[in-house]
Amino acid sequence: MPFRFFRRFKVAPGVTLNLSKSGPSLSFGPRGAKVTVGSRGVRKTIGATGTGLFYTEHSSWGSLKKRKGQGGFEPDSNSQAMHKLDLGFFKRIFTPRNEQDFVDGLKAYIQGNEMLALEKLSQCGEMADSLFMAGFIALKKEKYDLALKLFKQAYINRAGLGQTFSRYGLDLTLSLPLTHDIDAFIKPRLRGLLLGMAEAHKEQNNLLQALEVLKELRDLEPEDVVIKVSLTELLLEVSPDDPMVLKDIVQMTADVRNDSSAHAALMLYKARALKGLKMLVPVRDTLTAALRKKKDRSQEILMALQYERALVYEEMGNKTRCRQDLEKLFVLDPGYEDVAERLGVG
């Protein structure tokens, strides 16, 4: 999830303008079958429905001129990805066993048979991509011990992450829920692997181990807002009253701007850290700044921000503003937290 520079702007239904360091490009097409036109040529992406697996083909402008007149692009999402994984009888003879299992595992995954996919992908020895994929299937199936075992094996062999997918012309993007409202979109890279490992630790309530993994991630990607959200949330859960931890959170979130739901969540955690340090005015100001932008923001995060600000107003003695925030929350959800009780209507 590249928050640092890459930006997408919706131009029209199904058309997106992408701005990145490599220059502008234009994406169009339905979900699962995108065509991106940029300065380097045309990239066609076909997604296998519901899997996060994509078949990507890139053509330079020079090669496109040579192929002019050969017909249009008509993707068939699942069949194209399956075609890339078709070894055939003779090719299978010369393909190593672990790679055969990798291919068969991905085929099973595309076809919706996740348990068979997990079985095949788990037995691919030291193949990093297979271990990565199997780990996330195990995580989804709530097999956390197995997920951690697979992730740790993938970490040992992390130099090979992405190589096998690339050899078959496949791209993988998985959605990993980090909080109730925020997903990380990850690829078979070290960042994605560590995020998965941290989530598996959290699901097992191994919070200190999860913190160690997230701190390693922060050192690798110090400006990644998704990593900051996951780390600050966990720090507040593990050490909510430790002044040194709270100061670390404030420092980590010092320059956060409200650019997305993830940034709004980070501002919420910054406010909670400031509140723990008894700095009520900066808490109020941080929450107010986060609430100024509501478009494209998670409703749950907005409500959490409003509730937190109501409590701060109460602590500052501003009963009128506190009640205003509580009444707004009551209109949205009468059962939210203890809002009804605080308003005297519970």
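In the block above lies the structure referred to throughout.
What counts and what doesn't
Residues numbered from 1 in each chain as written. Predicted model: local features only at pLDDT ≥ 70, side-chain atom pairs only at ≥ 80, totals over all residues. Heavy atoms only, no water. Salt bridge = Lys/Arg side-chain N within 4 Å of Asp/Glu carboxyl O. Buried < 20%, exposed > 50% of the residue type's maximum accessible area, 1.4 Å probe, protein only. Helix = DSSP H or I, 4+ residues; strand = E, 2+ residues; numbered from the N terminus.

Caption draft 1: Representation of the pattern of salt bridges in the model. Under the defined criterion, the tally for this structure stands at 15 salt bridges. A salt bridge links D259 to R257; its shortest N-O distance comes to 3.8 Å. Relative accessible area serves as the criterion here: at 58%, R257 is assigned to the exposed category. Residue E308 is joined to K275 by a salt bridge in which the shortest nitrogen-to-oxygen separation is 3.8 Å. Linking E308 in helix 15 (residues 299–315) with K275 in helix 13 (residues 261–276), this pair joins segments that are 33 residues apart in sequence. A residue is classified by how much of its surface remains accessible, and E308, at 8% relative accessible area, is buried. Through salt bridges that share partners, E114, K140 and K141 make up one connected network.

Caption draft 2: Representation of unusual backbone geometry. The phi angle at E142 is positive, at roughly 65°, despite the residue not being glycine. Take E142: it is sitting in the loop between helix 6 (128–140) and helix 7 (144–156). For E142, a relative accessible area of 57% gives the class exposed. A positive phi is found at N205, a non-glycine position, where the angle reads about 65°.

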